[in-house]
Amino acid sequence: MNVPTDLDRRFREAAQREGLVDVAYDLSDSPVGELLIAVTDRGLCRIAYRPEAALDELAADFGARVLKIPKRVDPVRRELDEYFEGKRRVFDLETDLSPVPDFHRLALRELALVPYGEVTTYGALAAKVGRPHAARAIGGAMNRNPIPIVLPCHRVVGANGKLVGYAGGLDRKELLLRLEGAIL
Amino acid sequence: MMGTVVIPPFERFYAEHNDEVFAVLARRLGRQRAEDAFQETFLRALRAYPSLRHGDHLRAWVLTIARNVAVDTHRREKPTVELEVDPAELPRRPAYAELEHLTGELTATERAAVVLRYAYDLPYAAIGAALGSSEDAARQAASTGVRRLRKTSHDQKERP
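None of these values were measured; they are calculated from a predicted model.

**Points about the pairing of strand E3 (residues 43–48) of chain A**
Counting buried residues along E3(A), five of its six residues qualify, which places the element largely inside the surrounding structure. Here strand E2 (residues 35–40) of chain A hands over to E3(A) after two residues, the two strands then running antiparallel side by side.

**Digging into the interface of chain A and chain B**
Each side of the interface is counted separately: chain A has 22 residues, and chain B has 21 residues. Elements that contribute at least two residues to the side of chain A that touches chain B include exactly helix H1 (5–17), helix H2 (51–62) and strand E4 (66–68) of chain A. Of the residues forming the side of chain A that touches chain B, the biggest block, six residues, is contributed by H2(A).

**Re the pairing of strand E1 (residues 23–28) of chain A**
Residues and elements named next belong to chain A. With three bridges joining them, E1 and E4 adopt parallel strand pairing. The residue of E4 that forms the bridge with Ala-24 is Leu-67. Alignment of E1 against E2, held across five bridges, turns out to be antiparallel. Bridge pairing in E2 places Ser-28 opposite Leu-35. Between E1 and E2, which pair antiparallel one after the other, the connecting turn spans six residues, and Gly-33 there sits at a positive phi close to 100°.

**Things to note about the sheet that holds E3(A)**
All names here are of chain A. Strand order in the open sheet formed by four strands is E3-E2-E1-E4, and the pairing between neighbours is mixed. Both outer strands of the open sheet, E3 and E4, are each paired with one neighbouring strand and no more. Pairwise comparison of adjacent strand axes, ignoring direction, gives a mean angle of 30° for this sheet. Both E2 and E3 contribute to a ladder of five bridges, which runs antiparallel. Note on E3: the bridge partner recorded for Ile-37 is Ile-47. The strands touched by helix H3 (residues 70–84) within the sheet are E1, E2, E3 and E4, with E1 carrying the most contacts at an inclination of about 50°.

**A closer look at unusual backbone geometry**
Not every positive phi belongs to a glycine, and Ile149(A) is a case in point at roughly 75°. Here Ile149(A) lies in the loop between helix H6 (135–143) and strand E6 (156–157).

**Some points on the packing of helix H4 (residues 102–111) of chain A against H6(A)**
The relative placement of two packed helices comes down to the angle between their axes together with the axis-to-axis distance. All names here are of chain A. Packing of H4 against H6 brings their axes to within 9 Å, and their N-to-C directions diverge by 85°. Comparing the axis directions of H4 and H6 gives the class roughly perpendicular. Of the residues in H6, those in contact with Phe-103, His-104, Ala-107 and Leu-108 of H4 are Ala-137, Ile-138 and Ala-141. Classifying every residue of the contact of H4 with H6 gives six nonpolar, one polar and no charged.

**Focus: the packing of helix H4 (residues 108–119) of chain B against helix H5 (residues 124–131) of chain B**
Residues and elements named next belong to chain B. The interhelical angle for the contact between H4 and H5, taken along N-to-C directions, is 145°, at an axis separation of 10 Å. Seen from above, H4 lies across H5 with right-handed handedness. Across the interface between the two elements, Thr-109, Ala-112, Ala-113, Leu-116 and Arg-117 from H4 touch Ile-127, Ala-130 and Leu-131 from H5. Residue composition of the contact of H4 with H5, by class: six nonpolar, one polar and one charged.

**Description of the domain arrangement of chain A**
Residues and elements named next belong to chain A. When the domains of chain A are assigned, the result is domain 1 (5–84) and domain 2 (102–179). Each of domain 1 and domain 2 was reduced to a C-alpha centroid, and the two centroids are 24 Å apart. Each partner contributes to the interface: domain 1 provides eight residues, whereas domain 2 provides nine residues. Residues that form the side of domain 1 that touches domain 2 fall into these classes: seven nonpolar, no polar and one charged.

Rules behind the numbers
Residues numbered from 1 in each chain as written. Chains lettered and ligands numbered in written order. Predicted model: local features only at pLDDT ≥ 70, side-chain atom pairs only at ≥ 80, totals over all residues. Buried ≥ 20, exposed ≤ 12 C-beta atoms within 10 Å, placed from the backbone. Helix = DSSP H or I, 4+ residues; strand = E, 2+ residues; numbered from the N terminus. Pairing = 2+ DSSP bridges. Contact = placed C-beta atoms within 7 Å. Axes fitted to C-alpha atoms, helices over the stretch in contact; angles between N-to-C directions. Parallel < 35°, antiparallel > 145°, perpendicular 65-115°, else oblique. Nonpolar A, V, L, I, M, F, W, Y, C, P; charged D, E, K, R; others polar. Left-handed = near helix turned anticlockwise from the far one by under 90°. Domains from an automatic or database assignment.

Given below as C-alpha coordinates:
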(Lines give C-alpha, C1' and ligand atoms only; values in the text may rest on other atoms or scores of the structure.)
Protein backbone atom coordinates (compact mmCIF):
# COMPACT_ATOMS: atom_id res chain seq x y z
CA MET A 1 0.00 0.00 0.00
CA ASN A 2 1.48 3.33 -1.02
CA VAL A 3 1.99 6.00 1.59
CA PRO A 4 -0.26 8.98 0.80
CA THR A 5 1.75 11.93 -0.52
CA ASP A 6 0.38 14.24 2.11
CA LEU A 7 1.32 11.88 4.94
CA ASP A 8 4.81 11.50 3.52
CA ARG A 9 5.22 15.28 3.45
CA ARG A 10 3.93 15.65 7.01
CA PHE A 11 6.41 13.07 8.29
CA ARG A 12 9.31 14.90 6.65
CA GLU A 13 8.22 18.21 8.12
CA ALA A 14 7.75 16.69 11.59
CA ALA A 15 11.25 15.18 11.40
CA GLN A 16 12.61 18.62 10.58
CA ARG A 17 10.58 20.34 13.30
CA GLU A 18 11.84 17.92 15.94
CA GLY A 19 15.45 18.51 14.93
CA LEU A 20 16.03 14.89 13.92
CA VAL A 21 17.65 15.58 10.55
CA ASP A 22 21.41 15.73 9.93
CA VAL A 23 21.13 16.64 6.26
CA ALA A 24 18.12 17.85 4.27
CA TYR A 25 18.29 17.58 0.51
CA ASP A 26 16.33 17.72 -2.70
CA LEU A 27 16.91 17.18 -6.38
CA SER A 28 16.62 20.12 -8.71
CA ASP A 29 16.69 20.53 -12.47
CA SER A 30 19.23 22.86 -14.02
CA PRO A 31 20.81 23.58 -17.41
CA VAL A 32 23.77 21.41 -16.31
CA GLY A 33 21.52 18.47 -15.48
CA GLU A 34 19.83 17.24 -12.35
CA LEU A 35 21.52 18.48 -9.19
CA LEU A 36 21.37 17.22 -5.64
CA ILE A 37 21.33 20.15 -3.22
CA ALA A 38 21.95 19.46 0.47
CA VAL A 39 21.94 21.63 3.58
CA THR A 40 22.72 21.19 7.27
CA ASP A 41 21.66 23.51 10.07
CA ARG A 42 24.87 25.44 9.39
CA GLY A 43 24.29 26.00 5.70
CA LEU A 44 24.69 24.63 2.20
CA CYS A 45 26.95 21.58 2.36
CA ARG A 46 26.68 19.89 -1.01
CA ILE A 47 25.78 20.34 -4.66
CA ALA A 48 26.24 17.09 -6.53
CA TYR A 49 26.03 16.04 -10.15
CA ARG A 50 25.64 12.37 -9.09
CA PRO A 51 22.83 12.23 -6.51
CA GLU A 52 22.95 8.53 -5.55
CA ALA A 53 26.63 8.47 -4.62
CA ALA A 54 26.25 11.80 -2.86
CA LEU A 55 23.69 10.37 -0.40
CA ASP A 56 26.25 7.91 0.96
CA GLU A 57 28.92 10.58 1.19
CA LEU A 58 26.56 12.88 3.08
CA ALA A 59 25.71 10.10 5.53
CA ALA A 60 29.41 9.46 6.14
CA ASP A 61 30.30 13.14 6.48
CA PHE A 62 27.40 14.55 8.49
CA GLY A 63 25.40 11.63 9.95
CA ALA A 64 23.06 9.00 8.54
CA ARG A 65 19.85 10.96 9.08
CA VAL A 66 19.79 12.22 5.52
CA LEU A 67 16.24 13.07 4.47
CA LYS A 68 14.64 14.66 1.44
CA ILE A 69 12.95 17.86 2.57
CA PRO A 70 12.34 20.07 -0.50
CA LYS A 71 11.33 23.14 1.49
CA ARG A 72 14.66 23.33 3.31
CA VAL A 73 16.50 23.60 0.02
CA ASP A 74 14.29 26.28 -1.53
CA PRO A 75 16.52 29.28 -0.73
CA VAL A 76 19.47 27.61 -2.48
CA ARG A 77 17.30 26.52 -5.39
CA ARG A 78 16.06 30.08 -5.82
CA GLU A 79 19.59 31.53 -6.01
CA LEU A 80 20.72 28.82 -8.42
CA ASP A 81 17.73 29.46 -10.68
CA GLU A 82 18.55 33.16 -10.70
CA TYR A 83 22.17 32.37 -11.50
CA PHE A 84 21.22 30.16 -14.44
CA GLU A 85 18.84 32.84 -15.70
CA GLY A 86 21.77 35.27 -15.68
CA LYS A 87 20.16 37.40 -12.96
CA ARG A 88 22.58 36.60 -10.15
CA ARG A 89 26.35 37.02 -10.07
CA VAL A 90 27.05 36.56 -6.37
CA PHE A 91 25.61 33.88 -4.09
CA ASP A 92 24.41 34.97 -0.72
CA LEU A 93 24.39 31.63 1.14
CA GLU A 94 25.86 30.25 4.34
CA THR A 95 27.99 27.17 3.72
CA ASP A 96 29.00 24.19 5.86
CA LEU A 97 32.48 22.95 4.95
CA SER A 98 33.09 21.19 8.27
CA PRO A 99 34.23 17.82 6.80
CA VAL A 100 36.66 19.48 4.36
CA PRO A 101 40.39 19.25 5.29
CA ASP A 102 42.03 22.53 6.33
CA PHE A 103 44.12 23.15 3.23
CA HIS A 104 41.19 22.42 0.93
CA ARG A 105 38.97 24.73 2.94
CA LEU A 106 41.57 27.49 2.64
CA ALA A 107 41.69 26.97 -1.12
CA LEU A 108 37.89 27.01 -1.38
CA ARG A 109 37.69 30.20 0.63
CA GLU A 110 40.13 31.84 -1.78
CA LEU A 111 38.23 30.38 -4.72
CA ALA A 112 35.02 32.01 -3.51
CA LEU A 113 36.65 35.40 -4.19
CA VAL A 114 37.16 34.76 -7.91
CA PRO A 115 34.54 37.02 -9.52
CA TYR A 116 31.74 36.01 -11.87
CA GLY A 117 32.78 35.91 -15.50
CA GLU A 118 36.51 35.76 -14.75
CA VAL A 119 38.96 32.88 -14.66
CA THR A 120 42.09 32.23 -12.66
CA THR A 121 44.69 29.44 -12.77
CA TYR A 122 45.59 26.65 -10.35
CA GLY A 123 48.99 28.26 -9.88
CA ALA A 124 47.57 31.71 -9.16
CA LEU A 125 45.23 30.25 -6.56
CA ALA A 126 48.14 28.33 -5.01
CA ALA A 127 50.06 31.58 -4.69
CA LYS A 128 47.07 33.25 -3.06
CA VAL A 129 46.95 30.64 -0.28
CA GLY A 130 50.70 31.03 0.25
CA ARG A 131 51.77 27.75 -1.39
CA PRO A 132 52.99 28.88 -4.83
CA HIS A 133 54.23 25.41 -5.75
CA ALA A 134 51.04 23.62 -4.75
CA ALA A 135 49.11 24.00 -8.02
CA ARG A 136 48.55 20.25 -8.08
CA ALA A 137 47.16 20.21 -4.54
CA ILE A 138 44.87 23.07 -5.53
CA GLY A 139 43.69 20.86 -8.40
CA GLY A 140 42.84 18.19 -5.84
CA ALA A 141 40.92 20.67 -3.72
CA MET A 142 38.94 21.82 -6.77
CA ASN A 143 38.28 18.24 -7.78
CA ARG A 144 36.79 17.50 -4.37
CA ASN A 145 34.89 20.78 -4.04
CA PRO A 146 31.65 19.74 -2.30
CA ILE A 147 29.73 22.80 -3.50
CA PRO A 148 30.46 23.33 -7.21
CA ILE A 149 28.81 26.27 -9.00
CA VAL A 150 28.37 28.24 -5.74
CA LEU A 151 32.07 27.78 -4.96
CA PRO A 152 33.13 28.43 -8.56
CA CYS A 153 35.81 25.85 -9.28
CA HIS A 154 34.72 26.07 -12.93
CA ARG A 155 36.54 29.44 -12.98
CA VAL A 156 39.93 27.77 -12.45
CA VAL A 157 41.78 26.82 -15.65
CA GLY A 158 45.23 25.64 -16.68
CA ALA A 159 48.18 28.01 -17.05
CA ASN A 160 47.83 27.70 -20.83
CA GLY A 161 44.17 28.73 -20.67
CA LYS A 162 42.91 25.21 -21.35
CA LEU A 163 39.93 24.15 -19.26
CA VAL A 164 41.91 21.11 -17.98
CA GLY A 165 39.41 19.26 -15.78
CA TYR A 166 36.15 19.37 -13.87
CA ALA A 167 34.66 16.82 -11.49
CA GLY A 168 31.31 17.28 -13.20
CA GLY A 169 32.81 16.83 -16.67
CA LEU A 170 34.34 19.40 -19.03
CA ASP A 171 31.02 19.95 -20.84
CA ARG A 172 29.55 21.39 -17.70
CA LYS A 173 32.58 23.56 -17.02
CA GLU A 174 32.37 24.98 -20.51
CA LEU A 175 28.65 25.62 -20.21
CA LEU A 176 29.06 27.48 -16.92
CA LEU A 177 31.89 29.64 -18.28
CA ARG A 178 29.89 30.37 -21.41
CA LEU A 179 26.87 31.33 -19.31
CA GLU A 180 29.03 33.79 -17.41
CA GLY A 181 30.51 35.16 -20.61
CA ALA A 182 34.02 34.10 -19.58
CA ILE A 183 34.45 32.26 -22.89
CA LEU A 184 32.73 32.79 -26.19
CA MET B 1 36.52 8.40 1.70
CA MET B 2 37.95 6.44 4.61
CA GLY B 3 35.96 3.56 6.06
CA THR B 4 32.75 2.18 4.71
CA VAL B 5 29.27 3.46 5.37
CA VAL B 6 27.43 0.69 7.17
CA ILE B 7 24.22 2.54 7.98
CA PRO B 8 22.25 3.48 4.86
CA PRO B 9 21.18 7.13 4.52
CA PHE B 10 17.81 7.37 6.29
CA GLU B 11 16.07 8.34 3.05
CA ARG B 12 16.99 5.01 1.46
CA PHE B 13 15.86 3.06 4.54
CA TYR B 14 12.60 5.03 4.60
CA ALA B 15 11.94 4.59 0.87
CA GLU B 16 12.49 0.86 1.17
CA HIS B 17 10.12 0.24 4.07
CA ASN B 18 7.54 3.02 4.24
CA ASP B 19 4.90 1.35 2.07
CA GLU B 20 5.09 -1.90 3.98
CA VAL B 21 4.98 -0.16 7.35
CA PHE B 22 1.95 1.81 6.26
CA ALA B 23 0.23 -1.36 5.02
CA VAL B 24 0.88 -3.18 8.32
CA LEU B 25 -0.45 -0.25 10.32
CA ALA B 26 -3.49 0.23 8.10
CA ARG B 27 -4.35 -3.45 8.51
CA ARG B 28 -4.17 -3.25 12.29
CA LEU B 29 -5.56 0.21 12.93
CA GLY B 30 -7.58 1.20 9.90
CA ARG B 31 -6.40 3.79 7.47
CA GLN B 32 -7.30 6.84 9.50
CA ARG B 33 -5.43 5.91 12.69
CA ALA B 34 -2.61 4.40 10.67
CA GLU B 35 -1.56 7.87 9.54
CA ASP B 36 -0.61 9.06 13.04
CA ALA B 37 1.00 5.72 13.83
CA PHE B 38 3.03 5.87 10.62
CA GLN B 39 4.51 9.22 11.54
CA GLU B 40 5.25 8.07 15.09
CA THR B 41 6.93 4.88 13.81
CA PHE B 42 9.39 6.68 11.58
CA LEU B 43 10.03 9.44 14.12
CA ARG B 44 10.98 6.73 16.66
CA ALA B 45 13.21 5.13 14.05
CA LEU B 46 14.80 8.49 13.27
CA ARG B 47 15.46 9.18 16.97
CA ALA B 48 17.22 5.83 17.41
CA TYR B 49 18.96 5.83 14.02
CA PRO B 50 22.27 7.34 15.21
CA SER B 51 22.62 4.50 17.73
CA LEU B 52 22.65 1.81 15.02
CA ARG B 53 26.04 0.26 14.42
CA HIS B 54 25.22 -1.77 11.33
CA GLY B 55 22.57 -1.71 8.64
CA ASP B 56 21.33 -5.30 8.89
CA HIS B 57 17.80 -6.38 9.79
CA LEU B 58 16.42 -2.88 9.57
CA ARG B 59 13.16 -4.27 8.22
CA ALA B 60 12.61 -6.45 11.28
CA TRP B 61 13.52 -3.49 13.45
CA VAL B 62 11.14 -1.00 11.86
CA LEU B 63 8.29 -3.54 11.77
CA THR B 64 8.80 -4.16 15.49
CA ILE B 65 8.60 -0.41 16.08
CA ALA B 66 5.42 -0.25 13.98
CA ARG B 67 3.77 -3.10 15.90
CA ASN B 68 4.53 -1.46 19.20
CA VAL B 69 3.23 1.89 18.04
CA ALA B 70 0.07 0.04 16.97
CA VAL B 71 -0.16 -1.58 20.39
CA ASP B 72 0.29 1.81 22.08
CA THR B 73 -2.52 3.15 19.93
CA HIS B 74 -4.78 0.28 20.96
CA ARG B 75 -3.77 0.61 24.57
CA ARG B 76 -4.88 4.20 24.67
CA GLU B 77 -8.36 2.95 23.84
CA LYS B 78 -8.42 -0.48 25.54
CA PRO B 79 -5.81 -0.48 28.30
CA THR B 80 -5.42 -4.28 28.57
CA VAL B 81 -4.07 -5.32 25.16
CA GLU B 82 -0.87 -7.39 25.37
CA LEU B 83 2.25 -6.37 23.49
CA GLU B 84 2.55 -8.46 20.37
CA VAL B 85 5.47 -9.34 18.20
CA ASP B 86 4.51 -11.47 15.28
CA PRO B 87 7.50 -13.68 14.41
CA ALA B 88 5.95 -14.34 11.00
CA GLU B 89 6.75 -10.79 9.98
CA LEU B 90 10.38 -10.96 10.98
CA PRO B 91 12.62 -12.14 8.17
CA ARG B 92 13.89 -15.69 8.52
CA ARG B 93 17.45 -16.33 9.46
CA PRO B 94 19.08 -19.28 11.15
CA ALA B 95 19.92 -17.56 14.43
CA TYR B 96 16.34 -16.57 14.87
CA ALA B 97 15.05 -19.99 13.88
CA GLU B 98 17.33 -21.53 16.49
CA LEU B 99 15.89 -19.29 19.14
CA GLU B 100 12.32 -19.68 18.08
CA HIS B 101 11.50 -22.94 19.85
CA LEU B 102 13.10 -21.63 23.02
CA THR B 103 11.35 -18.30 23.18
CA GLY B 104 7.84 -19.60 23.85
CA GLU B 105 7.95 -19.01 27.59
CA LEU B 106 9.18 -15.44 27.38
CA THR B 107 6.89 -12.44 27.46
CA ALA B 108 6.50 -10.75 24.12
CA THR B 109 8.75 -7.88 25.17
CA GLU B 110 11.48 -10.22 26.40
CA ARG B 111 11.27 -12.29 23.24
CA ALA B 112 11.54 -9.23 21.01
CA ALA B 113 14.45 -7.87 23.07
CA VAL B 114 16.33 -11.19 23.00
CA VAL B 115 15.82 -11.69 19.28
CA LEU B 116 16.72 -8.13 18.30
CA ARG B 117 19.78 -8.20 20.55
CA TYR B 118 21.20 -11.67 20.03
CA ALA B 119 19.87 -12.74 16.64
CA TYR B 120 19.96 -9.35 14.91
CA ASP B 121 22.76 -7.75 16.93
CA LEU B 122 21.01 -4.40 17.37
CA PRO B 123 22.19 -2.02 20.12
CA TYR B 124 19.94 -1.52 23.15
CA ALA B 125 19.07 2.06 22.22
CA ALA B 126 17.62 0.83 18.92
CA ILE B 127 15.81 -2.01 20.67
CA GLY B 128 14.39 0.43 23.21
CA ALA B 129 13.05 2.52 20.34
CA ALA B 130 11.49 -0.56 18.79
CA LEU B 131 9.85 -1.53 22.06
CA GLY B 132 8.79 1.99 22.95
CA SER B 133 10.91 1.93 26.08
CA SER B 134 14.31 3.15 27.24
CA GLU B 135 17.71 1.68 26.51
CA ASP B 136 17.89 0.44 30.12
CA ALA B 137 14.48 -1.19 29.94
CA ALA B 138 15.51 -2.97 26.73
CA ARG B 139 18.71 -4.22 28.37
CA GLN B 140 16.68 -5.39 31.34
CA ALA B 141 14.16 -7.23 29.15
CA ALA B 142 16.91 -8.97 27.17
CA SER B 143 18.75 -10.01 30.30
CA THR B 144 15.60 -11.31 32.03
CA GLY B 145 14.74 -13.10 28.79
CA VAL B 146 18.13 -14.74 28.56
CA ARG B 147 17.98 -15.82 32.20
CA ARG B 148 14.59 -17.35 31.62
CA LEU B 149 15.87 -19.07 28.46
CA ARG B 150 18.79 -20.59 30.37
CA LYS B 151 16.39 -21.84 32.98
CA THR B 152 14.04 -23.28 30.32
CA SER B 153 16.78 -25.15 28.49
CA HIS B 154 18.22 -26.33 31.81
CA ASP B 155 14.80 -27.65 32.91
CA GLN B 156 14.39 -29.39 29.59
CA LYS B 157 17.71 -31.18 30.00
CA GLU B 158 16.82 -32.22 33.52
CA ARG B 159 13.62 -33.82 32.37
CA PRO B 160 13.93 -37.63 32.09
